[in-house]
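# Coordinates in review
Okay, here's what each chain looks like letter by letter:
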Amino acid sequence: MAFTRKKHREQQLQLYSKERFSLLLLNLEEYYFEQHTANHILHKGRHNERKIRGSLKICSKSVIFEPDAISQPIIKIPLRDCIKIGKHGENGANRHFAKAKSGEISLIFSQVYFIKEHNVVAPYKIERGKMEYIFELDVSGKVEDVVETLLQLHRASCLDKLGDQMAMITAILQSRLARTSFDKNRFQSVSEKLHMECKAEMVTPLVTNPGHVCITDTNLYFQPLNGYPKPVVRITLQDVRHIYKRRHGLMPLGLEVFCTEDDLCSDIYLKFYEPQERDDLYFYIATYLEHHMAEHTAESYTLQWQRGHLSNYQYLLHLNNLADRSCNDLSQYPVFPWIINDYSSSELDLSNPGTFRDLSKPVGALNAERLERLLARYQEMPEPKFMYGSHYSSPGYVLFYLVRIAPEYMLCLQNGRFDNADRMFNSIAETWKNCLDGATDFKELIPEFYGDDVSFLVNSLKLDLGKRQGGQMVDDVELPPWASSPEDFLQKSRGALESNYVSEHLHEWIDLIFGYKQKGSYAIKAHNVFHPLTYEGGVDLNSIEDPDEKVAMLTQILEFGQTPKQLFVTPHPQRITSKFTSLPQTSSCNASVAFSPVNPGINPQEDLTLSGTLGANIAFLSIHKNFKIILKAVTGIAVSRNGSSVFTTSQDSTLKMFSKESKMLQRSISFSNMALSSCLLLPGDATVVSSSWDNNVYFYSIAFGRRQGTLMGHDDAVSKICWHDNRLYSASWDSTVKVWSGVPAEMPGTKRHHFDLLAELEHDVSVDTINLNAASTLLVSGTKEGTVNIWDLSTATLLHQIPCHSGIVFDTAFSPDGRHVLSTGADGCVNVIDVQTGTLISSLTSEEPQRCFIWDGNSVLSGSQSGELLVWDLLGAKLSERIQGHTGAVTCIWMNEQCSSVITGGEDRQIVFWKLQY
C-alpha cells in the first residue's frame, strides 16, 4: 500500500546516503540544519582515550552524533538539557556559555538518548545525570560558527513559552534560507530556463525538511537546506500526471505531485510559507503540461463508480485523495471503513448480511449501550457539544496499525517509546471489539487492510514490542479463524469490500465521512459529532494572536485527527449493483434468425462471460453475452492467451480489464485525458500496451497494477500499434510509422522502458491503421486519403503504394499466407491486393463503410457503420450474411487463432461476445 511504498522509497534514499540517521530521530516540529564530520572523544586526556568516527548533526532542538560503526549507538542530546556549551577544559566561571576557539566542542548536559545500537530499531535508551561529551570537528575553523549556532538554538530551547521557542527557531530557519539559494549547477541541462524559485519544505510523515524549490521549463527541483537525504530531488515535468493543492496544518500551503496513476503515494509533497507561492508553482506546472490531467471532481468519480468503472476500493482512494488525505500526512491519512462484523466464525459468509458492519452508522454508534452513555453525556455538555472525545483517524491510530512496518515512526511520535504491549495492535478481533465497546476508541481502518501487502500484519523485523500481561510476546497480529494466513485475510477483506452488500450500502458510510452527514444537523441525527477542532474551518489559526496558544492549538489539531474535507452536501447516490443475469440462449443454425438483439436499455453491469465458441464457419454467429460499461466508443480489444482476461481501450481514455473468473469488470485505468486508440498484450500476458491520441504509448503492468512507462514517440495522435519479437510498430497522424526496438521493464520501480528508434516510414498524410504479415517482414499501412502502402521492413523501403479507396482506410491486414492484403474504408469498399505485384485483385462494395474486419483468407467478417456484422465470401465475390450486433458502428473486432471465438466493440459502448450456433 501507499505507506509501504513511501517507506521503501525512504529506505532507498538512506541507502543512497549510507546513513542510519533519519529525520524521524528528531522531535516533532524540529529541523535538521547541518552536519560536520567529527570524532567523539572518549576518556579525554586519559590513558584509555579513544576516538569514535562519525558525523555531528546540528538540529533545532538537539545535537545528534551518528557513529560510522553501526555497533555504536546514535547519540542524541536535547539542547534544553545542556548545562554548558563551549571549549573543552575552559573555566567558564565568568561566562556560563563560552565560545570555542579550538577543534573540540564540549557539551555538558543532564540527559542523553542512545538510539539504534547495532542498527537495531528499539525504544531509546536514556541516561540521566551530569555528563560531558567532547566532539572534535575535522575542520577546526568551523568550530566557532557551530558553537554560536548551538548557543543560539539553546537559548530558543530554554524559552518558557512554546510559542516563543517556535518563533525564534523559525526566525533562525528563515535567516538560513535567506542566506542561501538554489544551486543552479544542479540543473540537469545548461539550457534549462528558470521560471521560479522560492523557499519551501518537503513533507514526509511526521517530518518536514526545509529547502529551496526551483522550477524550470523541464524540471521541478527541491534542494534540501541540509543536503539530506540527497543533494537535490528532481521531478521531470513531462512525467507529472496529477498535481493537487493541499491544506497543511489547516492552511492552504501544500502541493502534492504525482507521476503515477491511481496512487496515493506521491512523488513529492511540498509545504510553502506563502499561499501565493504555492499557487504560482501550481500554475507553472499546470501551464507547462500540455496534456495535464485536470483534477477530477468527486461527482465524476461517483458516476464512474456507480456504473462499475471503479471498484469500491478505487473509489474510496479517489475520495480520500480529493478530501486532502495523503500518506505523507499522518494527521490526514486515508481512511477506510470497518466492513466485516464477524471475526469469530471459522468460515466467512459474504452472502449473510449479518457478516457485515452497519455502514449507516459511525463506529461510535454501533454499540447501542455505549451510544446511550455517550448521548447522556452529550446532553449535559455545554456548547460546543461533541459526542466523541477522540477521532476515527489520527497519527496515533495510523501507527497503531502500522507499527510493525513503521516502528521508527511510532518511536518518533511517542518520544522514543512503543506503546504498552497490551494496547498494541495484537489481534483483529480484539481491536474490533474495543472499537465496539471501548469508552474512547472509535477508529476506522486504513487502506492497507484492503491492499495486497501483508507486512503490517507480520513482525518480519523481529521487533521487541514488549510482553503482554499474560506473558506472551507481541509478535504477528492474531487473525480471525476464517483467515488461514495474512494473505488470505487481505484477500477475503478485499472480497468483502467489493461484495454486493457493501456495494449496496457503501454510500451510507460515505455520507458520514465525506458527505452531508459529516457536520450540522444531519451529523447530530446520525450521532456523528466530533470535537470542533477536527473540522475544516473549526478554528481560524490566523486570528489567534498569542503565539503560545496558536502552537498549542495547531499541535492539538495535528495530533487529535482531522475530519476529511467535505465532498458532498446532498445524499450520496447508491451504486448500480450487478445482477449477473444470463441472456437467453438459442439453438438455431441460422445466424440471421438466431440473433438475439441487444437491448438498448440493458443494465450497464450485465454479466461478462467468455465461455462459448465460434465455429470455423463464421457465418453461423449469434450473440452470447454483451457488456456495457464504457463511456465512449470501444477502440481496441486484446485477450490473454488462456482467454481468462479481456482488455479494451476506449475513447473515454480508459484501459479496462474484464475477468472471466469473476464475471465482472476487474480494473479500469486512465492514462491521460484523451482517447486511447488501440491495445495489445505483450508475450507472456504480463504487460498491456495502449496507444493514445495524446501522442504517447503506455505500458501497463497487469501483475503490479500500475503504469510501467511511457513512450513519447510522435508529434500527433498514435492511431495503431503492433508488436513482434521485441519490436514495437506505431502509426500516427503525424504521417509516420515508427519501428522501435526495446525490452519493456520487468517490474515497476526499475529502469523505465527504453526504446531505440530503428526506422521511420514516412507518409504524405496521417496514418490510421497498420498491420504486419505473419513473419513480420512486411507492413501494410492505410492513410486518411485512401492509400494502402506495403513496406519491406528489412530495408524500411516502400514496395507498393495503392490508392484504392476514396476516403479514409479504416482497417487493413495480410491474409494468413501473406500473399494478399485486404483493406476496408469509408467508401464502403472491401479490396483485395496482391502483395507481390501491388495489384488490386478484387473490390466488393457495401452500402456503408466497413470499420473493421477479420478474415481467414477466403471469408471475411466485417463490422459496419450501422452496427451490423457482414459475412463476405471472397471466392464467390458476394455478401453472404448480415448479422445485427451493435446499435452503433462496430469499431473493433477480435478473433482467436483457432477461429473459435469472436469479440466485437462498438460506438454504442458495448462489448459483444459471439459464439457458433450449431
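This text goes with the structure placed above it.
Residues numbered from 1 in each chain as written. Predicted model: local features only at pLDDT ≥ 70, side-chain atom pairs only at ≥ 80, totals over all residues. Heavy atoms only, no water.

### Considering the sheet that holds strand β39 (residues 878-884)
Quick note on the threshold: Being paired, for any two strands, means DSSP has found at least two bridges between them. A run of H or I in DSSP becomes a helix once it reaches four residues, and a run of E becomes a strand once it reaches two; helices and strands are each numbered from the N terminus. Orientation is described by axes fitted as lines to C-alpha atoms, over the contacting stretch for helices, and by angles from 0 to 180 degrees between their N-to-C directions.
Taken in spatial order, the four strands line up as β36-β37-β38-β39 in an open sheet, and their pairing is antiparallel. Because the sheet does not close on itself, it has two edges, and the strands there are β36 (850-855) and β39. Taking the axes of each pair of neighbouring strands and ignoring which way they run, one obtains an average angle of 25 degrees across the sheet. Sheet topology places β36 next to strand β37 (residues 859-864); five bridges connect them, and they run antiparallel. In the sheet register, C852 faces β37, and the bridge partner there is G863.

### Comments concerning helix α2 (residues 143-157)
Threshold: The span you would expect from a helix comes to 1.5 Å times its residue count less one. To sort residues, take the accessible area from a 1.4 Å probe on protein chains only and compare it with the maximum for the residue type: under 20% means buried, over 50% means exposed, and anything in between is partly exposed.
If you check α2, its first and last C-alpha atoms are 21 Å apart, about what 15 residues at 1.5 Å a residue would give, namely 21 Å. Taken residue by residue, α2 has V143, V146, V147, T149, L150, L151, L153, H154, A156 and S157 as its buried positions.

### Side note on unusual backbone geometry
Along the chain, Y228 connects to P229 via a cis peptide bond; the corresponding omega equals 0 degrees. Tracing the chain through its elements places P229 in the loop between β10 (219-224) and β11 (233-236). Geometrically, the link from E383 to P384 is a cis peptide bond, its omega value of -5 degrees lying close to zero. Examined against the element boundaries, P384 turns out to sit in the loop between α7 (368-380) and α8 (395-402). The phi torsion at N119 lies on the positive side, around 60 degrees, for a residue other than glycine. If you trace the backbone, N119 turns up in the loop between β6 (104-115) and β7 (125-137). We classify N119 as partly exposed; its relative accessible area is 35%. The phi dihedral of L206 falls on the positive side, at around 75 degrees, and the residue is not glycine. With respect to the helices, strands and loops of the structure, L206 is situated in the loop between β8 (194-204) and β9 (207-216).

### Brief notes about the environment of S843
Topologically, S843 is positioned in strand β35 (residues 840-845). Overall, the relative accessible area of 37% leaves S843 in the partly exposed class. Measuring from C-alpha to C-alpha, the distance between S843 and C804 comes to 9.1 Å, with 39 residues separating the pair along the chain.

### Description of the packing of helix α6 (residues 312-322) against helix α12 (residues 500-513)
Packed helices, taken two at a time, are described by the angle their axes make and the gap between the axes. The test is simple: If an angle is under 35 degrees, it is roughly parallel; if it is over 145, roughly antiparallel; if it lies from 65 to 115, roughly perpendicular; otherwise it is oblique. Crossing handedness is read from the near helix: turned anticlockwise from the far helix by less than a right angle, it gives a left-handed crossing, and turned clockwise, a right-handed one. We call two residues in contact whenever any of their non-hydrogen atoms come within 4.5 Å of each other. Only Asp, Glu, Lys and Arg are considered charged, only Ala, Val, Leu, Ile, Met, Phe, Trp, Tyr, Cys and Pro nonpolar, and every remaining residue, Gly among them, polar.
At their nearest, the axes of α6 and α12 sit 11 Å apart, and the two run at 15 degrees to each other. As summarised for this structure, α6 and α12 are arranged roughly parallel, according to the angle between their axes. When the axes of α6 and α12 are compared, the crossing they make is right-handed. From α6, N312, Y315, L316 and L319 reach across to α12, where they touch V502, S503, L506, W509 and I510. Of the residues in the contact of α6 with α12, the class split is seven nonpolar, two polar and no charged.

### Focus on empty space enclosed by the protein
A probe matching the size of a water molecule, rolled over the atoms, marks out where space remains unfilled. Condition: Using a grid of 1 Å spacing that covers the protein atoms alone, one calls a set of points a cavity when a 1.4 Å probe fits there but cannot get out, and a pocket when the set is open and has protein on both sides within 12 Å along at least five of seven lines; lining residues are those with an atom within 4 Å of a point. Grid points are joined across faces, edges and corners, and a volume is the space filled by probe spheres set on the points.
Within this structure, the stated rule accounts for five cavities of 30 Å³ or more. A volume near 60 Å³ is recorded for the largest cavity. Classifying every residue of the lining of the largest cavity by side-chain character gives nine nonpolar, one polar and no charged.

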